[in-house]
Amino acid sequence: MNLMNETRTFVVWFARLNKVCLKTRPFWTLFVIGATVVSNVAKLLAFLLPLKVVLLAGSDGVPRYFAFFIDSADKDGWIIGLTLGAIVSYILHLSLEALTKRMSLKGGKLVLQNANALSVAGNQERIAQKYYGQVTGLTAEGLLLFLMLLVISIINTGLVLKLLALALIWLMITIIWLSTGKEFNPSWIENNAKLYISVVTSTLFLAGFLLIIHPYIVGGGPNLLLSLVSIVLLKRSSKASYSLIYGSISLRSDRAQVDPLMFRSGKITRKELPTRNALQDLFQKPQREALVRAHLPEKYATYQVDVKWEDQSIRGLYSFKIVATPANGGEQEFLRLNVVSYRNKHLFEREEHLFKYISRESLNAPELVTSFKVEEFFCKIVEYVTGVTFTLPQWRKSALSVLKKQWMVRPPKQLVQDYKLSHQMMWRRFNAEFFERARIAVETEEEQLALDHFINGLNITLKRLSKMPLYIANSEMRASNTISHKSEMDREGLIFWGRWQIVPLGYYLPRLETIKSTLDEVISGSHTSLEDVLWVNNLAKIEQAIIGQNYKKAILLIMKSEKAVKGVEKK
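Computed from a prediction, not measured in an experiment: that's the story for all the values here.

A. Structural context of the overall build of the protein chain. The helix and strand tally for the protein chain stands at 21 helices and nine strands. Within the protein chain, the fraction of its 571 residues that count as buried is 45%. Counted over contacts in the protein chain with a minimum sequence separation of 6, partners at least 24 positions apart contribute 70%.

Below you can see the structure in the form of structure tokens.
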């Protein structure tokens with residue numbers, strides 16, 4: 001990151017924001033900025049004046065640092081006046097703060113109306129008020145910082161010059177440090193901006209404080225009152241600097257949303273993720289082939305390697321097909337490179353945890369060839385066998401075979417315990433409050449009776465559900481995630497297992513027209529019945545319908561479930 005370029009860009013953009021605010025409502029904007037500055041000055045006086053009252057009232061006579069403007073005969077009057085001044089200052093601060101908030105709401109609305117004819121965001125008036133308040137607030141904070149530094153420089157010019165030199169040193173350190181970061185691999189400062197700004201501003205205040213008290217330690221020193229004023233102003237300047245820097249960063253990060261709300265020329269844009277840009281840089285064809293060649297086992301040293309992009313429907317996963325051709329022209333081998341960003345690293349970690357307890361072979365998952373890291377991307381190369389995922393017709397023929405293989409594998413007790421630490425089991429997620437959400441879609445007496453009966457019998461449902469056999473399900477159970485071995489067509493398996501779950505049998509069923517007539521073969525050996533499996537699947541559909549706010553669908557499924565239960569009871 002180039003701090004100077006970013007700062008220059010922000011200053012130009014921020015000036016444009018102020019210009020549009022002033023152009024749309026000049027008096028209004030100037031008043032808000034001025035009132036904010038006066039409010040902050042009043043708050044500062046409300047803190048500073050009581051200190052003077054305490055120093056004056058607690059001293060015999062008039063201290064020497066007050067003597068140049070307070071006569072001993074007028075001491076009591078000054079105490080009363082300063083006390084009243086502190087109270088009035090605080091009331092003024094509160095009044096102006098409330099007034100600027102109300103005016104920011106109106107000002108933001110006016111700027112928004114001038115910038116757009118169409119709505120561009122939900123609750124856009126509140127959002128516009130927020131950004132209008134940020135712009136005017138940052139401008140006011142900058143003016144306040146300038147005024148306070150000006151006052152301090154009048155009191156102690158050398159102090160301001162020394163602090164500016166120290167700030168320049170911090171700036172150079174920051175520029176060098178930020179230059180080490182990349183868009184997809186931010187530096188420590190970018191990841192911890194709030195903490196870093198706090199450290200810098202606190203260091204400047206501490207240095208200023210030491211410079212102020214140093215003359216008193218070595219003997220002598222300027223007017224004590226002026227030193228106290230300098231310390232108070234320095235502390236407020238430190239806070240203003242923090243607010244100015246961090247507020248600018250916060251506003252800059254929202255630029256994609258600010259521009260359409262504030263500028264007539266601003267358009268709604270899609271914000272590009274840093275990982276997407278980084279992927280483009282690191283995994284172009286020449287780069288990815290060099291990466292793969294560098295990390296493949298020694299066996300492939302003489303092979304020609306072609307790495308091809310594959311469109312992927314699995315969220316958070318990028319895939320490449322590796323075609324390895326022997327130098328002597330033998331049979332090609334296929335491998336698959338799966339890549340996730342640091343944001344989705346947990347998917348690989350979940351997969352690794354699963355295969356600590358279950359062998360890949362038992363789930364017909366492809367064997368792992370190697371794994372490595374490139375910048376902030378995590379990569380795995382697995383066997384790809386045929387090099388082609390299933391088509392939809394192939395999937396329809398093999399889906400139940402894939403499902404049967406999963407149902408045959410019972411999750412180990414320790415794996416189930418690990419899963420329960422971070423996930424609620426199905427029977428733990430269900431409660432009356434959850435199903436009551438669907439009541440808004442009830443329109444007939446039959447629907448009402450079905451929902452009431454379902455909720456009243458929930459304890460029996462949950463008890464029955466908790467006794468169902470568990471299995472390891474893959475929520476990415478789809479054609480594009482399935483592959484088979486050439487010579488063993490009974491070994492169809494899922495490639496990626498980053499989103500596995502432990503659920504009752506029946507939770508996931510393929511969408512096949514012949515599902516009921518062909519499930520018997522899959523169920524055999526699973527110690528459960530077809531009715532139980534279909535019942536669990538219906539409950540899963542009810543859950544998904546309610547989560548998706550498809551309440552009418554949920555009611556119909558509940559009625560179907562109630563009829564199925566009554567049918568089983570009659571048998």
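Having seen the structure, we can now continue with the description.
B. Inspection of the pattern of salt bridges at higher detail. Under the definition given, this model contains 16 salt bridges. Ionic pairing is found between Glu 349 and Lys 345, a salt bridge with its closest N-O pair at 3.6 Å. In this pair, Glu 349 and Lys 345 are both assigned in helix 12 (residues 345-357), four residues apart and thus about one turn of the helix distant. On the accessibility criterion, Glu 349 (40% relative accessible area) is partly exposed.

C. Quick peek at the confidence of the model for the protein chain. On average, residues of the protein chain score 83 in pLDDT, and 86% of them reach the 70 mark or higher. Low pLDDT (under 50) marks residues 567-571, which in the prediction has two contacts with non-local residues, meaning those over four places away or in another chain.

D. Structural context of the sheet that holds strand 4 (residues 368-374). Sheet architecture is open: five strands sit in the order 1-2-3-5-4, paired in antiparallel fashion. In this open sheet, the two edge strands, each paired with only one partner strand, are strand 1 (304-310) and strand 4. Going across the sheet, the axis of each strand differs from the next one's by a mean of 20°, ignoring polarity. In terms of strand pairing, strand 4 meets strand 5 (residues 377-383) through six bridges, oriented antiparallel. Along strand 5, the bridge assignment pairs Thr 370 with Ile 381. Across the sheet, helix 12 lies against strand 3 (333-341) and strand 5, angled at about 40° from strand 5, the strand it touches most.

E. Focus on the packing of helix 2 (residues 26-57) against helix 8 (residues 224-253). For the pair helix 2 and helix 8, the least separation of the axes is 11 Å and the interaxial angle reads 150°. Taken together, the axis directions place helix 2 and helix 8 in an arrangement best described as roughly antiparallel. For the pair helix 2 and helix 8, the crossing hand works out as right-handed. Here helix 2 contributes Asn 40, Lys 43, Leu 44, Phe 47, Leu 48, Leu 51, Lys 52 and Leu 55 to the contact with helix 8, which in turn contributes Leu 225, Leu 228, Val 229, Val 232, Leu 233, Arg 236 and Lys 239. Of the residues contributing to the contact of helix 2 with helix 8, the split by class is 10 nonpolar, one polar and four charged.

F. Quick peek at the packing of aromatic side chains. Following the criterion strictly, the structure yields 19 aromatic pairs and no others. Relative to Tyr 196, the ring of Trp 170 lies with its centre 6.0 Å away and its plane at 85°, an arrangement referred to as edge-to-face. Linking Trp 170 in helix 5 (residues 157-178) with Tyr 196 in helix 7 (residues 193-218), this pair joins segments that are 26 residues apart in sequence. The class for Tyr 196 is buried, based on a relative accessible area of 7%. Relative to Phe 435, the ring of Phe 434 has its centre 5.2 Å away and its plane inclined at 80°; by these criteria the two rings are edge-to-face. By the ring-pair criterion, three or more aromatic residues cluster together here, those being Phe 283, Trp 309, Phe 320 and Phe 377. Looking at Lys 235, its charged tip hangs above the ring of Phe 205, at a distance of 5.1 Å from the centre.

G. Just the environment of Leu 449, in detail. Relative to the elements of secondary structure, Leu 449 occurs in helix 17 (residues 445-456). Relative accessible area serves as the criterion here: at 52%, Leu 449 is assigned to the exposed category. Sequence separation between Leu 449 and Met 559 is 110 residues, and the spatial gap between their C-alpha atoms is 9.1 Å.

H. Molecular detail of the side chain of Ser 248. Note that Ser 248 resides in helix 8. Among residues more than four places away in sequence, those in contact with Ser 248 are Phe 10, Leu 138 and Ser 243.

I. Structural detail: the nonpolar core. One finds Leu 354, Phe 435 and Trp 497 to be the most contacted residues of the largest nonpolar core, which totals 63 residues. Looking at this core element by element, the count peaks at nine residues for helix 20 (residues 530-547). Other than its neighbours up to four places away in sequence, Leu 354 contacts Leu 363, Leu 415, Ile 472, Trp 497 and Trp 500. The next biggest cluster of nonpolar side chains, apart from the first, holds 22 residues, and it includes Leu 279, Leu 282, Val 339 and Cys 379.

J. Summary view of helix 14 (residues 413-422). Within the sequence span of helix 14, burial applies to Leu 415, Val 416, Asp 418 and Tyr 419. Here the buried residues of helix 14 occupy an arc of 160° about the axis, which is enough to place them on one side. Exposed side chains of helix 14 directed beyond 90 degrees from the buried face belong to Lys 413 and Leu 421.

K. Looking closely at a nonpolar patch on the surface. On the surface, a nonpolar cluster with roughly 540 Å² of combined accessible area is contributed by Ile 169, Ile 173, Trp 177, Trp 188, Leu 195 and Val 199. Contributions of two or more residues to the nonpolar patch are made by helix 5 and helix 7. Considering every element that reaches the nonpolar patch, the biggest residue donor is helix 5, with three residues. Within the element layout of this structure, Ile 173 appears in helix 5.

L. Here's a closer look at the side chain of Ser 238. As for its placement among the helices and strands, Ser 238 is situated in helix 8. Looking at Ser 238, the relative accessible area reads 11%, which means it is buried. Among the polar contacts made by the side chain of Ser 238, one reaches the main-chain carbonyl oxygen of Thr 201 at a distance of 3.2 Å. If we ignore the near neighbours within four places in the chain, the residues touching Ser 238 are Thr 201, Ser 202 and Phe 205.

M. A look at the environment of Cys 379. Here Cys 379 lies in strand 5. Sequence separation between Cys 379 and Phe 348 is 31 residues; the distance between their C-alpha atoms is 8.9 Å. Setting aside residues no more than four positions away along its own chain, Cys 379 makes contact with Phe 283, Leu 337, Asn 338, Val 339, Phe 348, Thr 370, Ser 371, Phe 372 and Val 374.

N. Here's a closer look at the packing of helix 18 (residues 458-466) against helix 20. Interaxial distance between helix 18 and helix 20 falls to 12 Å at its minimum, and their mutual angle equals 120°. Taken together, the axes of helix 18 and helix 20 lie oblique to each other. Judged by the sense of rotation from one axis to the other, the crossing of helix 18 with helix 20 is left-handed. Where helix 18 approaches helix 20, its residues Thr 461, Arg 464 and Leu 465 are matched on the opposing element by Glu 531, Asp 532, Trp 535, Val 536 and Leu 539. Class assignment of the residues belonging to the contact of helix 18 with helix 20 gives a composition of four nonpolar, one polar and three charged.

Cut-offs used in this document
Residues numbered from 1 in each chain as written. Predicted model: local features only at pLDDT ≥ 70, side-chain atom pairs only at ≥ 80, totals over all residues. Heavy atoms only, no water. Helix = DSSP H or I, 4+ residues; strand = E, 2+ residues; numbered from the N terminus. Buried < 20%, exposed > 50% of the residue type's maximum accessible area, 1.4 Å probe, protein only. Contact = heavy atoms within 4.5 Å. Salt bridge = Lys/Arg side-chain N within 4 Å of Asp/Glu carboxyl O. pLDDT = per-residue confidence, 0-100. Pairing = 2+ DSSP bridges. Axes fitted to C-alpha atoms, helices over the stretch in contact; angles between N-to-C directions. Parallel < 35°, antiparallel > 145°, perpendicular 65-115°, else oblique. Left-handed = near helix turned anticlockwise from the far one by under 90°. Nonpolar A, V, L, I, M, F, W, Y, C, P; charged D, E, K, R; others polar. Phe/Tyr/Trp six-rings, centres within 6.5 Å; stacked < 30°, edge-to-face > 60°. Lys NZ or Arg CZ within 6 Å of the ring centre and 35° of its normal. Core = buried A, V, L, I, M, F, W, Y, C linked by side-chain atoms within 4.5 Å. Arc of directions from axis to C-beta. Patch = residues over 30% accessible without salt bridge, like charges linked within 9 Å, V, L, I, M, F, W, Y side chains within 5 Å. Areas by Shrake-Rupley, 256 points an atom, 1.4 Å probe, with all protein chains shown as cover. Polar contact = N/O pair within 3.5 Å; in protein donor to acceptor, adjacent residues only side chain to side chain.

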